[in-house]
Amino acid sequence: MACGGLNSVKRALLQNAFAAITAKIKYRSHDGREVELDANFTRYEVHFAGERLPDGREADAVYLVLGATYRRILDTALTRPLNYAYLQDLAPLAQRWYEVASYRVYAALKHHWPRARLGYAEFCVYAPQTRYMGFGPMRKQMAKLHAPHLRSGYLAGVEFEATIDRDGRLDWAMIYTPGPKAQAEFQAFTRKGGPVPRDIKLALFEPKPEPEPKPEPEPAPEPMGLEKELVDRGVTGSVAAELVRDFPEDRIRRQVEVMDWLRETKPKRIKDLGAYLAQAIREDYAAPAGFEGRAERTARETAERAALDREVEARQATARAQAERDRVRAYWEALPPERRAALDAEALAGADPADRAAYAAATAPPVRRLLQAGLRDAHLRRLLGLPTAD
């Protein structure tokens, strides 16, 4: 390296070392405490080859000696692995999920827990994003965020468990199984984040080659058809594939229909929707009291609509008949006596021969008046363009 280049590197290191930091912040430590920092400090000292280090040794390369305040922050601040190249490939909300959930995934791997948990309502606050109260919209919303992490292998599985938030409202615990990518990040992070020496030796002039990245595992195929319907209701992918393989379709669909009904009518009854549905299919649970299947409900609703249509039609027919009678009566009552007599004669003359014969044969006055009224009504309806009564 030319002398000018070496001097430039030295100046750059010194400028960075002498850059003061003024901080007045609060942060959470790895043991859960909230730490308040109000200080002015630098990050490190620079010691070049041949200089004496604080412990008396002679530097054989360039060393950075971390300052006490900066070292204390690094030792206590809550940390977790973040792959920034991976982060840049994600959509904004998927990025935010990675930033928030990686704390939980890292803690699960650190403590050898098989799964990590994150509350849906809590994530909606941190994201921020719209919080849905129904399982279906919530599952669809989070599926878009989980999909790239499942494809990349950061997650091996996602499950949901119904629960209640602090305000007594329905919530879900999102349960994550860390995938090979998360495990690889954790291993890389723990190698880098283990005990850190107080001085750091920089290999400025003999940089080591970057290790070749390991190929990422092929993403698992997306579930299809009936298997996807089970996954959408909280069943894990492997269990869904097993159920579809081992049980008839009509049995699975019947239990899916029962669970959908329970989820709508009794949302607090089932804590783990996916586990309940899987067990219901395996043991072929009997339908609970009050359950009405989709076919029965459709038939009942169809019959109810038909009965209502018939009732409406009957009421409309009655109203039309009454309106026609009112019109005929109003027309008749508005006529003068001489016109009424003429219309009675016209009605008799234009009547059917059998009706005229029946009228002529009647001898009792009440009967004759009744027959005459019938002939008159039919005649007036014809004049007014109304349908003739049967």
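The numbers attached to residues start from 1 for each chain and follow its sequence in the written order. Totals for whole chains, interfaces and linings use all residues, but because this is a predicted model, local features are given only for residues with pLDDT of at least 70 and pairs of side-chain atoms are given and counted only at 80 or more. To obtain the side-chain values, all non-hydrogen atoms of the structure were included, while hydrogens and water were left out.

### Structural notes on the pattern of salt bridges
Okay, step 1: By definition here, a salt bridge exists when the distance from a side-chain nitrogen of Lys or Arg to a carboxyl oxygen of Asp or Glu is within 4 Å. Applying the stated rule across the entire model yields 24 salt bridges.
Okay, step 2: For D246, the salt bridge identified is with R245, shortest N-O distance 2.8 Å.
Okay, step 3: Classification of residues uses two cut-offs on accessible area relative to the type maximum, computed with a 1.4 Å probe and protein chains only: under 20% is buried, over 50% is exposed, and between them is partly exposed. Given the relative accessible area of 41%, D246 is considered partly exposed.
Okay, step 4: Under the relative-accessibility criterion, R245 is labelled exposed at 63%.
Okay, step 5: When salt bridges with common partners are traced through the structure, they connect R131, D165 and R169 into a single cluster.

### Focus on the packing of helix α8 (residues 225-232) against helix α10 (residues 249-265)
Okay, step 1: Note on geometry: axes are C-alpha line fits, over the in-contact stretch for helices, and angles between N-to-C directions span 0 to 180 degrees. The helix count covers DSSP runs of H or I at least four residues long, the strand count covers runs of E at least two residues long, and both are numbered beginning at the N terminus. For the pair α8 and α10, the least separation of the axes is 11 Å and the interaxial angle reads 25 degrees. With respect to α10, the element α8 is oriented roughly parallel. In the packing of α8 onto α10, the handedness of the crossing is left-handed. For the pair formed by α8 and α10, the contact residues are L226, E229 and L230 on the first element and E249, I252, R253 and V256 on the second.
Okay, step 2: Note that Gly is not counted as nonpolar here; it falls among the polar residues with everything else outside the nonpolar set of Ala, Val, Leu, Ile, Met, Phe, Trp, Tyr, Cys and Pro and the charged set of Asp, Glu, Lys and Arg. Of the residues assigned to the contact of α8 with α10, the class counts are four nonpolar, no polar and three charged. Roughly parallel means an angle under 35 degrees; roughly antiparallel, over 145; roughly perpendicular, 65 to 115; everything else is oblique. Two helices crossing with the near one rotated counterclockwise from the far one by less than a right angle form a left-handed crossing, whereas a clockwise rotation gives a right-handed crossing. Contacts: residue pairs with any heavy atoms within 4.5 Å of one another.

### Side note on the pairing of strand β6 (residues 155-164)
Okay, step 1: Only strands joined by at least two bridges in the DSSP assignment are considered to pair. Bridge analysis of β6 against strand β7 (residues 170-178) gives nine bridges, and the strand direction is antiparallel. Bridged to L155 within β7 is P178.
Okay, step 2: In textbook terms, the turn of a hairpin is the stretch between consecutive antiparallel strands, and for β6 and β7 this stretch comprises five residues, one of which, G168, has a positive phi near 80 degrees.

### A short note on the packing of aromatic side chains
Okay, step 1: Ring geometry is summarised as follows: Phe, Tyr and Trp rings, the Trp one being its six-membered ring, pair when their centres sit within 6.5 Å, and such pairs are stacked at plane angles under 30 degrees, edge-to-face over 60 and tilted between the two. Evaluated as defined, the whole model comprises eight aromatic pairs.
Okay, step 2: A centroid spacing of 6.2 Å and a plane angle of 85 degrees characterise the contact between W97 and Y154, whose relative ring orientation is edge-to-face. Note that W97 is positioned in helix α4 (residues 92-110) and Y154 in the loop between α6 (135-152) and β6, a separation of 57 residues in sequence. Assigned by exposure class, W97 and Y154 land together as buried.
Okay, step 3: Measuring from ring centre to ring centre gives 5.9 Å for F135 and F160, while their planes differ by 90 degrees; the resulting arrangement is edge-to-face. Separated by 25 residues along the polypeptide, F135 in helix α6 and F160 in strand β6 bring together distant segments of the chain.
Okay, step 4: Judged by relative accessible area, F160 falls into the buried class, the value being 2%.
Okay, step 5: One aromatic cluster is present, built from ring pairs that chain together W97, Y98, Y154 and Y176.
Okay, step 6: Across from the ring centre of W332, 4.3 Å away, lies the NZ or CZ of R376, which sits over that ring. Cation placement over rings: the criterion is NZ of Lys or CZ of Arg within 6 Å of the ring centroid and within 35° of the ring normal.

### Some points on helix α13 (residues 337-349)
Okay, step 1: By this rule, a helix spans an expected 1.5 Å times one less than how many residues it contains. Given a rise of 1.5 Å per residue, 13 residues ought to cover 18 Å, and the 19 Å separating the end C-alpha atoms of α13 matches this to within 8%.
Okay, step 2: Within α13, the full set of buried residues consists of L343, D344 and A347. The buried side chains of α13 occupy one side of the element, clustering within an arc of 105 degrees when seen end-on. For α13, the exposed residues set more than 90 degrees away from the buried face come down to E338 and A349.
Okay, step 3: For α13, the elements touching its buried residues are α12 (294-333) and α15 (365-384). By construction, the arc corresponds to the directions joining the helix axis to the C-beta atoms.

### Notes on the packing of helix α9 (residues 237-246) against helix α11 (residues 273-283)
Okay, step 1: Relative orientation of the contacting elements α9 and α11 amounts to 20 degrees, with a least axis distance of 11 Å. One finds that α9 runs roughly parallel with respect to α11. In the crossing of α9 with α11, the sense of the turn from one axis to the other is left-handed. Between α9 and α11, the residues in contact are V239, E242 and L243 and A278, I281 and R282, respectively.
Okay, step 2: A per-class count over the contact of α9 with α11 returns four nonpolar, no polar and two charged.

### Some thoughts on the sheet that holds strand β5 (residues 116-119)
Okay, step 1: Within the open sheet, the three strands sit side by side as β5-β7-β6. Their pairing is antiparallel. With one partner strand each, in any of the chains shown, β5 and β6 form the two edges of the open sheet. Taken over all neighbouring pairs, the strand axes of this sheet differ in orientation by 25 degrees on average, direction set aside.

In short, shape yes, function no, at least from these values alone.
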